[in-house]
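Listed here are the chains, written in short residue letters.
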Amino acid sequence: MKKYIITGLLVWLPLAITIWVLLWVLGLIDGVFAWLLTATQTLLPASLHANVESLRSIPGLGVLVLVSALLLTGMFVANIFGQWWFRQQDRILSNTPIVKSIYSSVKQVSDTLFSSSGNAFREAVLVQYPRHGSWTIAFVTGKPSGEVAQHLQTEHVSLYVPTTPNPTSGFFLMVARDEVIPLRMSVDAALKHIISMGVVAPVEEHLALAPEAGRNQPG
């Protein structure tokens with residue numbers, strides 16, 4: 001009986017967690033949409049409040065509005081006037097006290113993560129962390145630059161070491177290039193391996209890499 005219960009758990013647990021995450025995201029979007037409706041009501045005459053209130057009862061409207069807003073924004077910024085408007089907005093926010101420190105940091109991270117020319121999460125590697133002899137999977141995010149690079153005697157790479165099972169939090173490391181082992185597995189496969197705590201292993205990449213990993217292991 002215990003075997004059947006565990007088998008049933010393995011079937012339903014991934015589905016339940018997936019549904020829970022989706023519901024959480026939808027709830028977050030609906031919360032933002034509800035706030036926008038409330039803000040809209042404060043700006044409109046009282047005679048229109050009932051019409052705005054009726055929008056709250058439409059399921060999925062918040063997601064539709066979000067997708068439409070992203071699509072229209074992308075189309076707007078793609079033309080010459082939109083690019084000019086975006087540059088002006090970027091210039092204003094980048095020179096506003098307090099706001100500029102937050103905006104600039106978030107913009108650099110988002111540009112690195114989502115830009116097609118970015119280097120973030122383009123390569124999965126093995127690195128010894130948190131101590132010598134203990135290995136984990138990390139992602140190369142670039143190379144140290146500026147003052148930091150001047151203090152490093154050899155070539156280093158910037159790494160992001162995600163936590164398990166939540167890869168959205170983790171640690172930032174700068175490690176010598178010859179102390180990491182490049183992996184042939186894709187970034188998606190590495191993320192699945194991390195999120196599953198090693199249960200979902202990319203078997204074909206692991207078998208192909210095994211001889212090479214043994215040759216490249218740092219001494």
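Residues numbered from 1 in each chain as written. Predicted model: local features only at pLDDT ≥ 70, side-chain atom pairs only at ≥ 80, totals over all residues. Heavy atoms only, no water.

### Section: the nonpolar core
Right, so step 1: By size, the foremost hydrophobic cluster in this structure holds 10 residues: Val125, Val127, Ala138, Val140, Val157, Leu159, Val161, Leu173, Val175 and Val180.
Right, so step 2: Among the secondary structure elements, those contributing two or more residues to this core are β1 (124-128), β2 (135-142), β3 (156-162) and β4 (170-176).
Right, so step 3: Residue contributions to this core peak at three residues, all from β3.
Right, so step 4: Sequence-distant contacts of Val127, that is, excluding residues within four places in its chain, are made with Ser134, Trp135, Thr136, Ala138, Leu159, Val175 and Val180.
Right, so step 5: Ranked by size, the runner-up nonpolar core spans nine residues in total, among them Ile137, Phe139, Leu183 and Ile194. (Core = buried A, V, L, I, M, F, W, Y, C linked by side-chain atoms within 4.5 Å. Buried < 20%, exposed > 50% of the residue type's maximum accessible area, 1.4 Å probe, protein only. Helix = DSSP H or I, 4+ residues; strand = E, 2+ residues; numbered from the N terminus. Contact = heavy atoms within 4.5 Å.)

### Side note on the pattern of salt bridges
Right, so step 1: Considering all chains together, one arrives at three salt bridges under this definition.
Right, so step 2: Linking Glu53 and Arg56 is a salt bridge whose minimum nitrogen-to-oxygen distance equals 3.0 Å.
Right, so step 3: With a relative accessible area of 38%, Glu53 lands in the partly exposed category.
Right, so step 4: Across the pair Glu123 and Arg177 runs a salt bridge whose closest N-O atoms are separated by 3.7 Å. With Glu123 in the loop between α5 (99-114) and β1 and Arg177 in the loop between β4 and β5 (181-182), the pair connects residues that are 54 residues apart, well separated along the chain.
Right, so step 5: Residue Glu123 is classed as partly exposed on the basis of its relative accessible area, which comes to 23%. (Salt bridge = Lys/Arg side-chain N within 4 Å of Asp/Glu carboxyl O.)

### Observations regarding unusual backbone geometry
Right, so step 1: Cis geometry is adopted by the peptide bond preceding Pro130, which originates at Tyr129 and carries an omega value of 5°.
Right, so step 2: Following the sequence through the fold, Pro130 ends up in the loop between β1 and β2.
Right, so step 3: The phi dihedral of Ile98 falls on the positive side, at around 70°, and the residue is not glycine.
Right, so step 4: Positionally, Ile98 belongs in the loop between α4 (80-94) and α5.
Right, so step 5: Assessed through its relative accessible area of 68%, Ile98 is described here as exposed.
Right, so step 6: Positioned with a positive phi, Met197 is a non-glycine residue whose angle comes to about 60°.
Right, so step 7: Position of Met197 among the secondary structure elements: in the loop between α7 (187-195) and α8 (203-216).
Right, so step 8: We classify Met197 as exposed; its relative accessible area is 63%.

### Some words on the packing of aromatic side chains
Two aromatic rings are characterised by how far apart their centres lie and by the angle between their planes.
Right, so step 1: For the structure shown, the criterion picks out four aromatic pairs.
Right, so step 2: Where Phe76 meets Phe81, the ring centres are 5.8 Å apart and the plane angle is 75°; that geometry is what we call edge-to-face.
Right, so step 3: You can call Phe76 partly exposed: its relative accessible area is 29%.
Right, so step 4: Between Phe81 and Trp84, the aromatic rings sit 5.8 Å apart at their centres with planes inclined by 25°, giving stacked as the arrangement. Linking Phe81 with Trp84, this pair stays in helix α4, spanning three residues, or about one helical turn.
Right, so step 5: In this structure Trp84 comes out as partly exposed when scored by relative accessible area, which is 42%.
Right, so step 6: Aromatic rings pair up to connect Phe76, Phe81, Trp84 and Trp85 into one cluster. (Phe/Tyr/Trp six-rings, centres within 6.5 Å; stacked < 30°, edge-to-face > 60°.)

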